[in-house]
Structures are given as structure tokens and as C-alpha cells.
Amino acid sequence: MDQTLVDRTRQRPQASQIAVRVREALRGLPLVVVSNREPYAHQRSPHGLEVERPAGGLVAALDPVLRELGGLWVAWGSGDADFETTDARDCVGVPPEAPRYTLRRVRLSEDEVERFYHGYANQALWPLFHLAVDKARFVRRYWTAYQAVNRRFAEATLETVEGDAVVWLHDYHLALAPRYLRERRPGLFLMQFWHIPWPAWDVFRICPQRADLLEGLLANDLLGFHVQRHVENFLDCAERELGAVVDRQQGLVAYRGHRTTVQAFPISIDVAAWETVATSRACERWMARLRHRFRLEGRHIGVGVDRLDYTKGLLERLHAIDLLFRRAPALRGRFVFIQKAAPSRTRIKAYRDLQKRVEAEIARINAAYGTPDWQPVIYLPRPLPSAGMAALYRMADVGLVTSLQDGMNLVAKEFVASQVDERGVLVLSELAGASEEVPWSIPVNPYDPEGLADALVQALTMPAPERQRRMAQMRAHLARHDIFHWMEQHLDAAARLLDSRAKARWLFADIDAIRETVLSRDRIAVLLDFDGTLVPIADRPQDVVLTPAMRGRLARLSASPRCVAGVISGRALEDLRARVGLPDLLYAGNHGLELAGPGRTMVHRDAAVAQDLIARVCARLRERLRDIEGVMIEDKGITATVHYRLVQRGEIERVQREVMEELAGTLPGRLITRQGKMALEIRPDLDWHKGKAARWLLAGVLGEEWEDRAAVIYAGDDSTDEDAFATLAPIGITIRVGPGSPVTAARYVVRDTDEMGRLLDALADWVQGTGPAEHELEPQGPVVLTPR
């Protein structure tokens, strides 16, 4: 067995470990999951009641955590025996064999299922949001049922939850439920993940109920989509339809007194579980069985795995396969395509019609090209066990995904996770969200049959070393970005928002208490970000100049024996020192990877070795982006920044994509990106950030007991400072700078660099023993914490 695989499998987090992280992130609040699909269903059978555990990444990820953590899951009771097992409140303990949490089932009549689920959800929202506009049907009785069922889900949640909680809603079935929850229980923390694409405004405006859908979703505190493109589309729709105030840099929407943070969280799979199945003896038996049954020995194998859905490009795929056999007759008899296609939503006519057309097209291709000992397309409509699915993926030379529009497409990730021999090639639609994560695949446009046929030839003729290199890179990326990483991203974002509820207070409203804290300690440490904190953000980083007044404030602080002052920035260390120009300060450049102070310097060892790699990446990015006006690539030695503040809005997505693709082509796991203010930071993938750098500096200057001796003040203005806020929050006075600052782990906010200057003046007076005039620190009107 591949040693890399063994090591990766061993690193799979245990449910108990994840539960601890969840409990910490949610600050002790109970977790409530609300989804259309339930994690356990009771069904009647000839043998009595049986329990079904529906397959799916969401259930696989969250069920083990709730088993450890306890909590509540609210879902439609879809099993025909579901309510034979519930109590008077429609609740049942699950898992049935050893209950650890509560499943609250929502009763829906056949008519409600028809109108809510098969009607509005899957004949209005699903086709429209997948750009199948011709299939969208907006029927008033469907909409009425959708409203009623969403209200029913909200009521079931409120009846079962006592007090405050974190409610995590899922998908397009429940777009209105957050508003109903917010109206009845304003103190709930609501977050929702939207599992399908969000279309551009010109498509979304077709929906007659578009304002209601937006208002429902904007009742959430946190709203997640698969990719940044869907985030941008949502922000556009909120701004155009509702006139909401949108801050695109921070992903904030302010509407009717409520703020919603909107972020991208690319969903994934349980990679370790798929790898375990793919290396099992059961999988190898299935591979042998399939090869024997379908005469696959000595032939190239292509695989497609889909629900029978018009968004998956099945007819387009078959058209390309037909074209392949016509244009490359040498592949006849040598290439077999296996289409695993499960019938879906057969109560809807469009799906029944699609199934007939797909089956007819497969039959036509087989009749046109097949021989007595070779069937070009093998059709598998029946379910396979997990070992059988892994066998299909593992033995395939080509995995083919031709989505016409997809939020993510987890089949692509299942294929990669199962390719433990690293011999297959992924041919992936550029219209699937997964294409933004795996640039090592062969991208295709499913509407281009000639291009798709060419891509299949490229995959089938690709040299083995190239196939192995591409697959190894995809597998390394996927191992680091599995379903548990997706969950942790959500929880980290939720934790910051939960902290901001209690801590985002205007600093000058508490100035007397801050003064008492400073004067009560032997020492004071003031650590400050540079751009956006000491100087306003500039369109071009090289244009920034520290004013004499701000330099004077820093000099006054550093001159006091009681005070330690430092600047922590994403800029290169030498650039930072040159711009500040004060030798007695502490400095941390490159987000803390380079540190310097009187008699003390440090460059992170693992970051230093990445300097040549950073230089090569910057050179290649300049070549990739040379035709985009306004983009700036800043090589800072051991990190780099791609600035796109001056780039036309329509080109920003291309800049982001080119950066991701370039990093994907470097050594896997060496470099990562982090979103800044209209910029992408590129840095070594190390467990080091501004918070750890701050602690290192303070320990070096003040000694290991600095937490007991010093009042620590840290101020910054962007996402890279949030690490420091979180690290220093229990012991420090943490300050987020900027009018869009309420979503932060910092305890306080100030509006701008001018207010930061007022605070530094006050600190200098305090540590030097002089008191400022009272009017200098009086609040100058209420702070307005709204997005810019």
C-alpha cells in the first residue's frame, strides 16, 4: 500500500476531536442542524421496522459530531414509519441503537411534499439556479406551500430549542426559514449553507419571489456558498433588488438593521473514508467482478457517475462519446465508457423525459458501434455499495464530469479520493464549482462536443508520469481540504461572529476603563498593524507615507521606559522599517515571518527556504497577468501579495483564478493564499501568524511572565489581524480599525486612522505621566458601524 495513503488516513480527525473544536467555536451554545433530508429514516419492510442512513456528505460529516456533542437535528420525516417511533413532540433519539442526540421530524402531507419539494424547490429554484431557465415553473400554489413548509420548519425548531443556540440551516429548500426564526427568536445565531449555485442578477431577476428569498437569507448571521463567484452574484442581487448596503471587501450585507456575512466555503467529502474503501479487499473483488462481467481487461475505461439530472450534461457527454468513436475509430473495441446514472425525481416530467432520452442515446451508440465482444457504453442504473462505487472510480483511466452548471460536484472529488493508484485522469467541466479547486484536471466546456472529444483523447493518450503527477497533486490538495476542513471553516467564521456580538464596542465609549487598565500595570505593550491602521490604505502600496504626526506618536511611546511599541505588517521587514523609520521599535514583517527588535531578530526557518519558490511564482504570475490592467504583484521575499484594487471588476475573478492555478502547479502544500483587502496574500503553509509573532516578540522583550506584567494593546484593520485578536483576546485590548469593523474577534473598534492617532496620543500621555485635556478624549458623536 502507498505509504502516503497510509499516513493521510491516519490523520483523519476523530469525531471526539471535532466535537471539542465545535464546542469551543460555538462558545458553549447548543448546535441545531436544520435540513430537508434526515440523518435516519424508519422504513417498513417484510422484516419489520428498518433504519436507513441516507448517504451524503452532510450526514456523514455532522452525524458523528452530534453523537459526541449532543444537540438537535430538525428534518422532514420522509420514512414511511418515521412517526411510529417518535414521541408526542415528533422527536426520537438517534442513533436508534444508542441515542446521543435528538432528531425532530417535521410532518409533511403528500400534497405539501408535491408542492413544496417537487414543486417550488425542484421545479422553480433548482432549474433557475442551474441556468435551465426553460424548465423553471413558478406556480403560485407551489410558492404558497414553500412558505408554509418553511414556517413549519422554523416552528419545529423553536418548539424544540430552549434559549439561545447556533442554528445551522442547509440548502435551497429552506430559504425563508431564517427570517421566520429571526422574527420569533432574535437572539439565535443563524447560519446557512447554500448547496447549489447562485446565479447572476440577470438570471435571478426572473424569479417572481426574488425579494422574499433574499430577505429570508439575509436574516442569517453567516451565509455560505461553494465558491467566490456565487458570493459575488449574491451580493449583486442583494444590492440591486433590495438596495442593501454591500461591502464586497469584507463580504458584508447590511439590510434593515441586520448584518449578514457572506463567504465561500468549498464543500468536500470524507477523503479518508473513500481511501479506506478504495484500498479494501471488497473494492478489489468488485474491480475483478466488473472487469469480468463487462469484458474490460485490456481496455481503456471511462467512468461517469451522476443522478439522472438535466444539469449534469449527460446528453452532451454521450454526444461527445459518439463523436469520439466517429473521429477516432482506433478506439473502437479499446475504450469502454461506464455510465452510472441513478434515476432521480421521477415524479417530475422533465426527469422522466431525460431518462428516456439518455437510455435511447446509449442504445443508439451501442447499436452503431458495438460488436459481439465489445459494448461501447455500459449503463448502470441500479445502486452499488460503497465498495462497488470505489471500484468504478479506482479502475477508471478517465473520470468524466460534464455538468452544465454545478455548485461543486462531489463526484469529481470522490473519483480523486478513490484513485489510490494515481493512474487516472479527471476531465472536468469548467462550469462546475470543483473546477476552481483542481486545476490539474483537464478542463472542458460541455457545450463544445468537439472539445470534449479532444479532451478524452488527451486523457487516454497522456503519458503515465504526467497522469501520476496530476493525480498526486489533486490528491494532496483534497487530503487537506476534506469535509472536516469545510466544517472547521464554517465554525471558525461562526466563532468570530459570535465573539463580535459581545466585543465589537466603540473604544472611546470605554476609554476610562482602558486608562485604568494601562495605569494598573508595570509595563504597556502597543503592537500595531501598518496599512489601514497607522496610514490609510492606498491604491498602490508604494505610495503610502507615514505622517510626521503619526511617527511622532510612535516615537513618544517608544521613548517611555514603561512602554514597548512595535509594528506588525504584511509588508517585507526592510520596507516596513524604512517607512516607519524608528530604530527603537519592534518590527514584524511578512505577517510575522520576519521579526526584528533591539538585539533580537528572527526569520522563520521554514519560510526562509521558500524564498526562491516565491520569486518563481511571482515571475510566472507577472507573465500570466501581464494583459490585465491595474494588477500589481509584490514580491516580499518570503511572501507575496497580488493586489487587484485597480483592476476592473469583471477581471477580478480571472486574477483570483490565475493565482490559484499557479499555486496549484507548485509543489503541493508548500504555498497557500489568504484573502486580504482587494488582494491575495501568498505565503508558506506554516502554523504561524501575527498572533504567534506578537507573543514571540512580547516574550523576548518582557520575559516569559509578560502576561502578568503588561497591558497589551493590539490594533489592526483586516483579516490577517484576526489571528492576533483571537490569540490576545483573553489578555489584551484588541482593536479593529475601520467603519466596516463589527464582524471581528477584537474587543473594540475605532473608525479610522485619525481615531487611532487620538488613542496613541492618549497612551503616550498616560505612560509619560501627563493627563490629556478632557475634551480630547470625549466621544465625537456615535460611531456608525456600517459597511462602506
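Above this text you will find the structure in question.
Since this is a predicted model, take the numbers as computed values, not measurements. Per-chain numbering applies: the sequence of each chain, read as written, is numbered from 1 onward. The model is predicted, so local features are restricted to residues of pLDDT at least 70 and side-chain atom pairs to those at 80 or more, both for listing and for counting; the totals for chains, interfaces and linings are taken over all residues. Values reported for side chains reflect all heavy atoms of the structure, with hydrogen atoms and water molecules removed beforehand.

### Comments concerning the side chain of R553
Right, so step 1: Of note, R553 is situated in helix 20 (residues 548-559).
Right, so step 2: By relative accessible area, R553 is classed as buried at 19%.
Right, so step 3: Within the structure, the side chain of R553 is placed 3.1 Å from the side chain of D761, a separation counted as a polar contact.
Right, so step 4: Contacts are residue-level and defined by heavy atoms, with any inter-residue pair within 4.5 Å sufficient. Beyond its immediate sequence surroundings of up to four residues, R553 is in contact with G757, L760 and D761. Only DSSP runs of H or I reaching four residues or more are called helices, and only runs of E reaching two or more are called strands; each is numbered from the N terminus. Three exposure classes are used, based on accessible area relative to the maximum for each residue type with a 1.4 Å probe and protein chains only: buried under 20%, partly exposed in between, and exposed over 50%. Residues adjacent in sequence count toward polar contacts only when both atoms are side-chain atoms; beyond that, a polar contact is any pair of N or O atoms within 3.5 Å, and within protein one must be able to donate a hydrogen and the other to accept it.

### Details of the packing of aromatic side chains
Right, so step 1: We call Phe, Tyr and Trp rings a pair once their centres come within 6.5 Å, taking the six-membered ring for Trp, and we label the pair stacked below 30 degrees between planes, edge-to-face above 60, and tilted otherwise. Taken as a whole and judged by the stated rule, the model has 24 aromatic pairs.
Right, so step 2: Judged by centre distance (5.9 Å) and plane angle (20°), the rings of W143 and Y146 are stacked. Residue W143 and its partner Y146 are both found in helix 5 (residues 140-160); the two are separated by three residues, about one turn of the helix. Each of the two residues, W143 as well as Y146, counts as buried.

### Examining the nonpolar core
Right, so step 1: Nonpolar core, defined: a set of buried Ala, Val, Leu, Ile, Met, Phe, Trp, Tyr and Cys residues in which side-chain atoms within 4.5 Å join the residues together. One finds W198, L213, F234, I338 and M487 to be the most contacted residues of the largest nonpolar core, which totals 184 residues.
Right, so step 2: With near-sequence residues (within four places) excluded, I338 lies in contact with L296, I301, G302, V303, G304, I378, L380, L392 and M395.
Right, so step 3: Of all hydrophobic cores here, the second largest spans 42 residues; its members include I511, V535, V580 and L585.

### Structural notes on helix 23 (residues 611-624)
Residues three or four positions apart in an α-helix share a direction because the helix packs 3.6 residues into each turn.
Right, so step 1: To estimate how far a helix should reach, multiply one less than its number of residues by 1.5 Å. In a regular helix each residue adds 1.5 Å, so 14 residues correspond to 20 Å; helix 23 covers 20 Å between its end C-alpha atoms and thus fits that length.
Right, so step 2: Along helix 23, the positions that sit buried rather than exposed are L613, I614, V617, C618 and L621. For helix 23, the arc enclosing every buried residue in end-on projection is 135°, short of the 170-degree limit, so these residues lie on one face.
Right, so step 3: Looking at the buried positions of helix 23, the neighbouring elements they touch are strand 25 (632-635), strand 26 (640-643), helix 24 (649-664), strand 27 (671-676) and strand 28 (679-684). For this quantity, the arc is that covered by the directions from the helix axis to the C-beta atoms.

### Description of the sheet that holds strand 27
Right, so step 1: Reading across the sheet, the four strands line up as 25-26-28-27 and stay open at both edges, with antiparallel pairing between neighbours. In this open sheet, the two strands that pair with only one neighbour each are strand 25 and strand 27. Between one strand axis and the next, the sheet turns through 20° on average, direction left out of account.
Right, so step 2: When DSSP finds two or more bridges between two strands, those strands count as paired. One ladder, built from four bridges, connects strand 25 with strand 26; its direction is antiparallel. Bridge pairing in strand 26 places M632 opposite H643.
Right, so step 3: On top of the sheet, helix 27 (residues 719-728) reaches strand 27 and strand 28; it is set at about 95° to strand 27, its chief contact. Note on geometry: axes are lines fitted to C-alpha atoms, helical ones only across the stretch in contact, with angles between N-to-C directions running from 0 to 180 degrees.

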